[in-house]
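Examination of the molecular architecture
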Amino acid sequence: MPRMNLPHLRLLAALACLGLASPFTVTARAAEAAELPKFRSVLIDGQAPLFSLSDATGTGRWLKTGESFEGWKVESFDLAKQILTVSRDGTKKELGLESGVIDEGEATATVAEADALLLKMRFEEMIEKSIEAQQSAMAKSMGGMFGKDMPEDQRARMTEFQGKIMSVMLAEMDLPGMRKDLAAVYAETFSSAELKAQSDFYSTPAGAAMIDKQPLIQERMTAIMMPRMMKAMPKIQAMGEEFAKEEKSSVPAKKPASPSTAKPATSKPPRPIAP
């Protein structure tokens, strides 16, 4: 076996150290990567953004800038690059947004988005059907009140008259214009994400069923409400009569006009005409 001199021994020692260091270095880096939280999503609500972080088990929560998760403090967020910077023990790390999607929860909605939703909801058709359903329920309720006391021809005239009322009402409501006005209200009330969520719902079979069956629900609701409202009518009428009496008694009575103290005019005898 050849004899090894000191330089050879130093070289072998150095190689041995490198060989031993490599596995430890890889293991340390893997452990560090495992400890880094996952950057799931970000919610921008018009105020302070919220960041969703989770650990290796999937457990997570929402944080604001300056808050910490598993020892990692949220430092800053680069919106353009979708990079979240976190730090721990003086070391900073950059986390990429895993989903690649930014949820703008409170982004301002546009009137066009709101109008598109109302069109998907078949707004005008729904209003027409709802009015028809309510009138049908009211007609049934009125028919139940009068019962056999109302002649058939009178009942037919009343139904025809209600149809005329509905035609005038719908014409004056201007449903297309009403939809545009309501779209502005929706845009002011809901965020863009909320409008999208509603639009997604009405695109599902359950959402379509909601649109189709809403008039029937309203008709049945009116049928449930009307008897209760009619039951309250005698009390309301009595309250109205009592209120009228109280108003009448609270008005001070007018004093009779005093007779005039002026002396009645006396007629003078005619003056004689000179010859």
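Residues numbered from 1 in each chain as written. Predicted model: local features only at pLDDT ≥ 70, side-chain atom pairs only at ≥ 80, totals over all residues. Heavy atoms only, no water.

1. As for the overall build of the chain
In terms of regular secondary structure, the chain is built from seven helices and eight strands. A buried classification covers 21% of the 275 residues belonging to the chain. Long-range pairs, those at least 24 residues apart, make up 53% of the contacts in the chain between residues at least 6 apart in sequence. Entry remark: accessible area of the chain is about 20400 Å², with carbon and sulfur atoms responsible for 61%. (Helix = DSSP H or I, 4+ residues; strand = E, 2+ residues; numbered from the N terminus. Buried < 20%, exposed > 50% of the residue type's maximum accessible area, 1.4 Å probe, protein only. Contact = heavy atoms within 4.5 Å. Areas by Shrake-Rupley, 256 points an atom, 1.4 Å probe, with all protein chains shown as cover.)

2. Here's the deal with helix H2 (residues 111-120)
Looking at H2, one finds that the buried residues are Ala114, Asp115, Leu117 and Leu118. When H2 is viewed along its axis, its buried side chains cluster within an angular range of 155 degrees and face the same direction. Where H2 ends, the next residue or the one after it, Arg122, has phi of about 55 degrees, a positive value. (Arc of directions from axis to C-beta.)

3. Quick look at the confidence of the model for the chain
Should pLDDT be low for a region, the predicted coordinates there are not to be read in detail. Across the chain, the average pLDDT comes to 76, with 69% of residues at or above 70. Confidence, read as mean pLDDT per element, is least for helix H1 (residues 6-35) in the chain (48) and greatest for strand S6 (residues 83-88) (94). The model gives residues 11-31 a pLDDT under 50, and that stretch makes one contact with residues more than four places away or in other chains. (pLDDT = per-residue confidence, 0-100.)

4. What to know about the side chain of Ser199
Structurally, Ser199 can be placed in helix H6 (residues 192-202). The class of Ser199 is buried, set by a relative accessible area of 17%. Here the side chain of Ser199 touches Lys120 through a polar contact of 2.9 Å, side chain to side chain. (Polar contact = N/O pair within 3.5 Å; in protein donor to acceptor, adjacent residues only side chain to side chain.)

5. As for a nonpolar patch on the surface
Together, Ile217, Met221, Met225 and Met229 make up an exposed nonpolar region whose accessible area comes to about 380 Å². Here Ile217 lies in helix H7 (residues 205-250). Look at Ile217 and you get partly exposed, because its relative accessible area is 44%. (Patch = residues over 30% accessible without salt bridge, like charges linked within 9 Å, V, L, I, M, F, W, Y side chains within 5 Å. Salt bridge = Lys/Arg side-chain N within 4 Å of Asp/Glu carboxyl O.)

6. Here's the deal with the packing of H2 against H6
Following both chains from N to C, one finds H2 and H6 inclined at 20 degrees, their axes separated by 10 Å at the closest point. It follows that H2 is roughly parallel to H6 by the angle criterion. Pair H2 / H6 crosses with left-handed handedness. Packed against H2, whose contacting residues are Glu113, Ala114, Leu117 and Lys120, the element H6 presents Ser192, Leu195, Gln198, Ser199 and Tyr202 at the interface. (Axes fitted to C-alpha atoms, helices over the stretch in contact; angles between N-to-C directions. Parallel < 35°, antiparallel > 145°, perpendicular 65-115°, else oblique. Left-handed = near helix turned anticlockwise from the far one by under 90°.)

7. Here we look at the packing of H2 against helix H5 (residues 175-189)
Viewed as axis vectors pointing N to C, H2 and H5 meet at an angle of 120 degrees, and their least axial separation amounts to 8 Å. Between H2 and H5, the interaxial angle falls into the category oblique. The interaxial crossing formed by H2 with H5 has right-handed handedness. Taken together, the residues of H5 that come into contact with H2 (itself represented by Val111, Ala114, Asp115, Leu117, Leu118 and Leu119) are Arg179, Lys180, Leu182, Ala183, Ala184, Tyr186 and Ala187. Broken down by class, the residue content of the contact of H2 with H5 amounts to ten nonpolar, no polar and three charged. (Nonpolar A, V, L, I, M, F, W, Y, C, P; charged D, E, K, R; others polar.)

8. As for the nonpolar core
Counting residues in each nonpolar core, the largest one holds 18 residues, and the members touching the most others are Ala114, Leu117, Leu118, Met121, Tyr186 and Leu195. Sorting the residues of this core by element identifies H2, helix H3 (123-146), helix H4 (152-173), H5 and H6 as the ones contributing at least two each. Non-local contacts of Leu118, meaning those with residues more than four positions away in its chain, are made with Phe123, Arg179, Leu182, Ala183 and Tyr186. If you look at the next biggest cluster of nonpolar residues, it comprises 13 residues, including Val42, Phe51, Val74 and Leu84. (Core = buried A, V, L, I, M, F, W, Y, C linked by side-chain atoms within 4.5 Å.)

9. As for unusual backbone geometry
In the Ramachandran plot, Gln82 falls in the positive-phi region, its phi being about 55 degrees despite a non-glycine side chain. Relative to the helices and strands, Gln82 resides in the loop between strand S5 (72-78) and S6. Unusually for a residue other than glycine, Asp89 sits at a positive phi of about 55 degrees. Among the structural elements, Asp89 can be located in the loop between S6 and strand S7 (91-96). Judged by its relative accessible area of 76%, Asp89 falls in the exposed class.

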